[in-house]
Amino acid sequence: MRHFLDTQSTSLLLSIVLLITVTYNVVGFPDTPGGSFAVEVNGKTHKLTTTPATFPLWSANVAGASASSAYKYVKLSDTGVAVQKESFKRSFANKKATATVNEFFQRQITQNNLPKVPQVYKDVRSKAAPNFDETQIGTIHVTADPAIFDDMVKNPLDEERKAIKASFRFINANNVYSVEEVKMKVSGHGSRKFKKLSFRLKFDDDKGETFFNHPIIKLRSEAFDPTLIREKLYIDVLNSAGIRTTQGTWTRLYVNGQAYGFYLMVDDVEPPLLSNLFHNGELKPKQLGSLYQMGSHVAGLEATLQYNGSRTADYHPGTYANKNLGANTKEEPMAQLISFFKDLQDFNPALPGGVAYWSKRLNLEDYLRQMAVEYLGGSWDMYWWKGNNFFMYFNPTTNVWQWVPTDFDSTFSNGNLKDVEVPYKQFAASRLRRKGKDHPLITKLIYKNKEINGQFEKTLLTLAKGVFNPKALEPRINAYEKMIQDEVKWDLSINRSKNPGRTFGYTLDDFHKSITGPVKTVNNGIKPWISYRAKDVPKQIASGKSALASQVFEEDEF
Ligand SMILES: *[C@@H]1O[C@H](CO)[C@@H](O)[C@H](O)[C@H]1NC(C)=O
Ligand SMILES: *[C@@H]1O[C@H](CO)[C@@H](O)[C@H](O)[C@H]1NC(C)=O
């Protein structure tokens with residue numbers, strides 16, 4: 001709901017008539033279907049109303065109120081009796097306003113001040129769409145046939161299940177966005193085994209329903225992360241590093257009027273996102289280049305990028321999945337990527353000209369920044385360490401491959417892998433040690449090629465000094481902790497015992513503690529992890545230089 005306001009005439013009006021009509025707007029779900037909400041202004045209660053086109057947004061014009069009147073919202077029972085009253089007083093920040101933004105019941109702050117994260121490399125983001133305003137927490141209400149929805153969430157491992165139909169409404173401070181029908185399904189791989197599920201929602205962009213130009217979104221459960229902050233913070237670092245990536249914003253999810261959970265909303269890596277990120281939204285899916293999704297969820301296989309034969313059939317589709325055909329044939333959808341693998345296999349890292357060679361094939365600078373962020377973030381579930389969670393997109397405009405990262409929950413060393421807490425050269429060399437699982441785009445380029453290694457170290461140091469350190473990130477983390485603590489508490493209060501799958505049983509205490517130190521299943525706190533890498537990286541690079549680093553580039557010792 002947009003509230004247009006002519007500030008000049010309003011202030012004139014205010015100075016003549018002190019008491020005017022004020023519109024109150026609150027988002028809230030009553031405890032029972034017949035329940036409702038009210039606003040208490042100057043000690044007097046006024047009922048708020050909603051409509052099928054706006055629920056769960058409750059509004060009323062209150063005559064005689066003004067922007068300086070203190071107020072609070074009240075939840076009412078079926079019979080209109082107050083069942084819950086806000087414990088704090090609200091007041092207008094803007095004394096000239098004649099309407100509140102869409103506030104949320106029991107949440108004092110609607111729009112948060114987030115300290116800026118320093119921008120280390122050129123900012124490549126486009127202006128945030130209204131639904132991706134990171135300073136606020138939006139609310140999504142999905143309504144679906146309860147039996148069909150229940151059947152979907154009770155069988156989350158069924159990846160072949162067709163998406164179900166649901167109606168969708170999103171509300172934040174200044175927007176109400178509704179569509180009759182979205183396609184909704186459970187998303188993710190490992191996360192399907194958890195009680196709190198992640199979802200993918202697809203809008204019908206053929207009908208012009210694009211959800212503010214974000215037509216395919218994922219609601220990420222963050223079930224592995226007691227803070228629910230890691231993925232968002234990782235996106236902040238990617239943004240600071242000038243990497244084109246999905247954005248993320250937290251939202252509350254309600255299903256059929258019931259609390260469902262607190263989620264991070266991100267774009268799915270699909271043609272609409274690629275067109276927006278790399279082509280100003282101007283290319284249609286058919287005009288886009290080839291896209292591959294890389295994963296390590298097939299037992300024993302990692303998306304190493306090793307050459308494994310010249311035919312598509314030589315590559316497991318669970319490890320390399322063609323998502324957009326681009327210039328390939330239907331018979332050989334892997335052809336373009338295989339030729340990249342072949343170049344990588346043939347590349348001799350001992351020869352000069354590494355940067356020039358790879359710059360013709362890959363957005364090298366961007367790739368190196370991404371690997372620097374992976375290393376800094378202790379991201380054990382992405383390419384460098386695990387051969388997982390990335391896409392490669394052949395950009396038909398620049399004719400080079402573009403790295404597109406995804407799924408950043410296992411970061412800031414969220415995991416029990418002590419191995420990531422090592423110098424980057426060791427992190428790289430360890431990939432060579434495992435038979436058949438070398439990650440050559442790391443070991444040949446970053447580890448063995450002197451010229452590319454120099455560029456990588458410069459990038460790594462620049463990012464450590466510019467953004468990946470306590471001074472740059474802690475103010476932001478502190479703001480996030482305040483911003484979402486009530487939502488996390490709410491999320492933890494939701495009874496998911498009916499859902500199959502597991503839970504780590506994190507608590508609100510774990511939420512706070514995992515920011516500053518270890519908790520069960522997460523061996524590093526976000527802040528100590530950042531501070532460790534911030535101190536360690538400059539030392540590694542300085543000591544590498546003094547030792548001439550020569551051994552590293554000779555035939556490796558493994
Ligand atoms: C490589 O080829 C072998 C033999 O055909 C096959 O078993 C293996 O799964 C392939 N590796 C990948 C990553 O597809
Ligand atoms: C959660 O819901 C189940 C039924 O689905 C119920 O048996 C259980 O007592 C509930 N737990 C709590 C803590 O309310």
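In the annotation of an unreviewed UniProt entry, the entry for the chain reads Spore coat protein CotH, and the organism field reads Podila verticillata NRRL 6337.

**Student:** Break down the packing of aromatic side chains for me, citing the residues and quoting the values.
**Tutor:** Taken as a whole and assessed by the stated rule, the structure comprises 54 aromatic pairs. Seen from their ring centres, Phe194 and Phe504 are 5.2 Å apart, and the 50° between their planes marks the pair as tilted. Here Phe504 lies in the loop between α12 (470-493) and α13 (508-516) and Phe194 lies in the loop between β10 (175-187) and β11 (198-202), a separation of 310 residues in the sequence. Assessed through its relative accessible area of 4%, Phe194 is described here as buried. Three or more aromatic residues link up through ring pairs in this structure, and these residues are Phe29, Phe37, Phe55, Trp58, Phe105, Tyr254 and Trp490. The residue whose ring lies beneath Lys196 is Tyr263, and the NZ or CZ to ring-centre distance is 4.8 Å. Here the basic side chain of Arg431 rests over the ring of Trp385, its NZ or CZ set 3.6 Å away from the ring centre.

**Student:** Pulling in residues and values, what's your account of the sheet that holds strand β7 (residues 103-104)?
**Tutor:** Spatial strand order, β4-β1-β7: three strands in an open sheet with mixed pairing. If you trace the sheet from one side to the other, it starts and ends with β4 (57-65) and β7, each paired once. Judged from the eight bridges that link them, strand β1 (residues 20-27) and β4 form a sheet pairing that is antiparallel. When the sheet's bridge partners are listed, Val22 is paired in β4 with Val62.

**Student:** Could you give me a rundown of the nonpolar core, with the residues and numbers involved?
**Tutor:** Core analysis: the largest hydrophobic core is formed by 94 residues, its most contacted members being Trp250, Leu305, Tyr367, Trp384, Leu441, Leu445 and Ile484. Taken together, domain 1 (15-104) and domain 2 (289-466 + 536-557) each give at least three residues to this core, which thus spans both. Not counting residues within four places of it along the chain, the set of residues in contact with Trp250 comprises Gln136, Ile137, Gly138, Leu228, Ile229, Lys232, Phe262, Tyr263, Leu264, Tyr480, Met483 and Ile484.

**Student:** Kindly report on the side chain of Ser514, identifying the contributing residues and their values.
**Tutor:** Mapped onto the elements, Ser514 comes out in helix α13. With a relative accessible area of 0%, Ser514 lands in the buried category. In contact with Ser514, other than residues within four places in its own chain, are Pro226, Thr227, Arg230, Val519, Val522, Asn524, Gly525 and Ile526.

**Student:** Just give me the short version of the site of ligand 1, but keep the residues and values in it.
**Tutor:** Around ligand 1, the surrounding shell consists of Asn308, Asp314, Tyr315 and His316. One nitrogen or oxygen atom from the side chain of Asn308 is found 2.4 Å from an oxygen atom belonging to ligand 1. Against a free-state accessible area of 360 Å², the protein chains account for coverage of 51% of ligand 1. Class assignment of the residues belonging to the shell around ligand 1 gives a composition of one nonpolar, two polar and one charged.

Parameters and conventions
Residues numbered from 1 in each chain as written. Chains lettered and ligands numbered in written order. Predicted model: local features only at pLDDT ≥ 70, side-chain atom pairs only at ≥ 80, totals over all residues. Heavy atoms only, no water. Phe/Tyr/Trp six-rings, centres within 6.5 Å; stacked < 30°, edge-to-face > 60°. Helix = DSSP H or I, 4+ residues; strand = E, 2+ residues; numbered from the N terminus. Buried < 20%, exposed > 50% of the residue type's maximum accessible area, 1.4 Å probe, protein only. Lys NZ or Arg CZ within 6 Å of the ring centre and 35° of its normal. Pairing = 2+ DSSP bridges. Core = buried A, V, L, I, M, F, W, Y, C linked by side-chain atoms within 4.5 Å. Domains from an automatic or database assignment. Contact = heavy atoms within 4.5 Å. Near = heavy atom within 4 Å. Polar contact = N/O pair within 3.5 Å; in protein donor to acceptor, adjacent residues only side chain to side chain. Areas by Shrake-Rupley, 256 points an atom, 1.4 Å probe, with all protein chains shown as cover. Nonpolar A, V, L, I, M, F, W, Y, C, P; charged D, E, K, R; others polar.

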